[in-house]
Amino acid sequence: MALRLFNTLSGKIEEFSPIEGREVRMYACGPTVYDYGHIGNFRTFVAVDVLRRFLLHSGYKLRHAMNITDVDDKIIRNSAQAGVSVREYTRKYEQAFLEDIRTLNIEQPEFVVRATDHVQEMADFIAALEKKGFAYRTEDGSYYFRIAKFPGYGKLSKKDFAGMEDGARVDVDEYDKDNARDFALWKAPKPGEAFWETAIGAGRPGWHIECSVMSMKLLGDTFDIHAGGEDLVFPHHENEIAQSEAQTGKPFARLWFHVRFLLVEGQKMSKSLGNFFTLRDLVLKGYKPSSIRFLLASGHYRTQLNFTFEALKQAANSVERLRNFELRLKTTQFPDRAAGAMAELAGATSRALRAALEDDLNTPQALAAVFEMVRQANAGADAGQLGSGDVPRLLAALREFDAIFAVLADDDADKVRGVVEWATREGRAEQVAPQLAASDLFADEQVEQRVTAMERARKARDFKASDAIRAELAAAGIVVENTREGVRWKRK
Ligand code: AMP
Ligand code: ZN
């Protein structure tokens, strides 16, 4: 069987094959770096990562690019308010984003590129569009895309824009979902705002043009997959298609992959409802990165994901169950026997896992197959039916699962340490201490392990490492003291 994926452009599930050989050229819209990423953003990035990992696992090579939007209306406003340059303002959040994707075991794409490093190329692209009559300049020096000249406008979002008013304009990045307007390609500078000097004058690029320019630069005029959250279908992706196809006369991306939104307790996330969580918020509440990744990956990407704390706790149990099973396989002396029924179960599970993922990345079905294997193999082991010959096959099935889901490595504590160090630097440690202290990550046994590691580091004169552990424990309100009898720890 081959991979089949839903394509927003055709409105159908299609068999996927790359344009050229075994290489997949994929572009996914990246973050706007004006704040820390929230779990809705990471739902989309995890879904793209599952796609990426499954393509790699299926033997494809990847040429995967992601942009960092480091200039837009909000960034300009916020950085001006903070009294720092756009660059200084955005670098902090860009760094945080790259740390966050590591926290969630999201593989970094081959190309991560900043909008502000491509401004001259964007200006040249706009100049070429103007020459072809697809763009026009207004009195203040801004440029707009003339949608009436592009007959395919609306083909992605399936909106019918017949009878739209020629020349009606909008200059903000986000605009009315049901109204077509000539959109800004380039914005003339307003007093006090950041701008660039280019061949088409002074100003800054609109949001849509960045993705057209950077994707085509890295992946060519026509490439395989373009991905993002469902909110990007219109206007962002519709506008990317218009700009790019107007420029080249060729199809832009072939398959459009859109991830549906994450809701929290059934509602849209919003700061005013108090249901808005960054990844860092959840980690500092004591939830493990692996549980968060598992939960985000466990729903089908084309259905809304309802995030609840109950579901997050269940996700933690699910991961624990898998890790315990792996540990059991690795540490038990099973009866010396050739591969039998349990090995067959493992083989069938691998096949079911692949079949589910090939079916438009059906992650819930893939997980069901793996948990069924764990249930039957545990029961088999209890009943003495699991032999030494079965073990490598069961482990291989688990490895295959983890190549995509990436939750088995028991490295949550290391990842949490990074977040705690950040919270300490930001002066937030006090506020999070009680929650952290009460979480599994700081259960007695875990604390013991860290105190031992801290002592080992200190004896090896690696004070940087020992201080880092001390700071992490301190963040959870745990004090380590050196007494005559050796090190002791206690909770404040
Ligand atoms: P932004 O940083 O706002 O440009 O968004 C980065 C990515 O996250 C985009 O692909 C968005 O479509 C996606 N996104 C934003 N909010 C959500 C949400 N609640 N659920 C899923 N994806 C989202
Ligand atoms: Zn984009």
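Rules behind the numbers
Residues numbered from 1 in each chain as written. Chains lettered and ligands numbered in written order. Predicted model: local features only at pLDDT ≥ 70, side-chain atom pairs only at ≥ 80, totals over all residues. Heavy atoms only, no water. Donors = N, O, S within 2.8 Å, 3.2 Å for Na, K, Ca; no water. Helix = DSSP H or I, 4+ residues; strand = E, 2+ residues; numbered from the N terminus. Buried < 20%, exposed > 50% of the residue type's maximum accessible area, 1.4 Å probe, protein only. Expected span 1.5 Å × (residues − 1). Near = heavy atom within 4 Å. Polar contact = N/O pair within 3.5 Å; in protein donor to acceptor, adjacent residues only side chain to side chain. Areas by Shrake-Rupley, 256 points an atom, 1.4 Å probe, with all protein chains shown as cover. Nonpolar A, V, L, I, M, F, W, Y, C, P; charged D, E, K, R; others polar. Pairing = 2+ DSSP bridges. Axes fitted to C-alpha atoms, helices over the stretch in contact; angles between N-to-C directions. Domains from an automatic or database assignment. Parallel < 35°, antiparallel > 145°, perpendicular 65-115°, else oblique. Left-handed = near helix turned anticlockwise from the far one by under 90°. Contact = heavy atoms within 4.5 Å. Phe/Tyr/Trp six-rings, centres within 6.5 Å; stacked < 30°, edge-to-face > 60°.

A. View of the coordination of the zinc ion (ligand 2). For the zinc ion (ligand 2), every protein donor is listed as C29 (SG), C211 (SG) and H236 (NE2), and the spread of their distances is 2.0 to 2.2 Å. Counting residues between consecutive donors of the zinc ion (ligand 2) along the chain gives the motif C-x181-C-x24-H. Of the two residues, C211 is situated in helix α5 (residues 207–219) and H236 in helix α6 (residues 233–248); the sequence distance between them amounts to 25 residues. For the pair C211 and H236, one class covers both residues: buried.

B. Molecular detail of helix α3 (residues 86–103). For α3, spanning 18 residues, the distance from its first C-alpha to its last is 26 Å, which sits close to the expected 26 Å at 1.5 Å a residue. Residues of α3 that are buried: V86, Y89, T90, R91, Y93, E94, A96, F97, L98, D100, I101 and T103. A positive backbone phi angle near 55 degrees is found at N105, which sits one or two residues after α3.

C. Region of interest: the site of ligand 1. In the vicinity of ligand 1 lie 15 residues, with T32, G40, T44, D231 and L262 positioned nearest. Here T32 contributes a backbone N or O atom positioned 3.0 Å from an oxygen atom of ligand 1. L262 has a polar backbone atom sitting 2.9 Å from a nitrogen atom of ligand 1. A total of 500 Å² of accessible area belongs to ligand 1 in isolation, and the protein chains cover 88% of it. Broken down by secondary-structure element, the contributors of at least two residues to the shell around ligand 1 are α1 (39–57) and β12 (223–229). The element contributing the most residues to the shell around ligand 1 is α1, with four residues. In terms of residue class, the shell around ligand 1 is built from five nonpolar, eight polar and two charged.

D. Main features of the sheet that holds β12. The sheet built from five strands is open, its strands ordered β5-β4-β3-β12-β13 with parallel pairing. Each edge of the open sheet carries a strand with a single partner, namely β5 (111–114) and β13 (253–259). Ignoring which end each strand starts from, the neighbouring axes of this sheet average 20 degrees apart. Pairing geometry for strand β3 (residues 23–28) and β12, over three bridges, is parallel.

E. Expanded view of the domain arrangement of the protein chain. When its domains are assigned, the protein chain resolves into domain 1 (18–259), domain 2 (332–405) and domain 3 (437–491). In this structure, domain 2 and domain 3 have C-alpha centres spaced 38 Å apart.

F. Main features of the packing of helix α9 (residues 309–331) against helix α11 (residues 363–382). Contact geometry for α9 and α11: axes closest at 11 Å, N-to-C directions at 45 degrees. Comparing the axis directions of α9 and α11 gives the class oblique. Classified by chirality, the crossing of α11 by α9 is left-handed. When α9 is examined against α11, the residues S318, R321, L322, F325 and R328 are found in contact with a partner set consisting of V370, F371, M373, V374, R375, A377, N378, A381 and D382. Across the contact of α9 with α11, the residue classes break down as eight nonpolar, two polar and four charged.

G. Representation of α9. Across its 23 residues, α9 extends 33 Å between first and last C-alpha, which sits within 8% of the 33 Å expected from 1.5 Å per residue. Taken residue by residue, α9 has F309, A311, L312, A315, S318, V319, L322, R323, F325, E326 and L329 as its buried positions. Where α9 is buried, its residues touch α7 (279–284), α8 (289–298), β15 (305–307), α11, α12 (391–405) and α13 (412–425).

H. Quick peek at the packing of aromatic side chains. By the definition in use, this model includes 20 aromatic pairs. Centroid distance F45 to F97: 5.2 Å. Interplanar angle 70 degrees. Geometry classified as edge-to-face. With a gap of 52 residues between them, F45 in helix α1 and F97 in helix α3 connect regions that are remote in the sequence. Looking at F45, the relative accessible area reads 9%, which means it is buried. Judged by centre distance (4.9 Å) and plane angle (15 degrees), the rings of F401 and F405 are stacked. Of this pair, F401 and F405 are both found in helix α12, four residues apart, which corresponds to roughly one turn of the helix. Taking relative accessible area as the criterion, F405 reaches 2% and is therefore assigned buried. Taken together, Y36, Y89, Y93 and W422 form an aromatic cluster joined through their ring pairs.

I. A look at the environment of V233. Tracing the chain through its elements places V233 in helix α6. In the structure, V233 is positioned 169 residues away from D402 in sequence and 31 Å away in space, judged by C-alpha atoms. Aside from chain neighbours lying at most four places away, what touches V233 is T8, L156, S157, E238 and H258.

J. View of unusual backbone geometry. Of note, the bond from F234 into P235 is cis; its omega dihedral lies within 30 degrees of zero at 5 degrees. Looking at the secondary structure, you find P235 in helix α6. In this model, K158 sits at a positive phi of 55 degrees, which is unusual for a non-glycine residue. When you line up the elements, K158 lands in the loop between β7 (143–145) and β8 (169–170). Given the relative accessible area of 48%, K158 is considered partly exposed. Unlike most non-glycine residues, A406 shows phi in positive territory, near 55 degrees.

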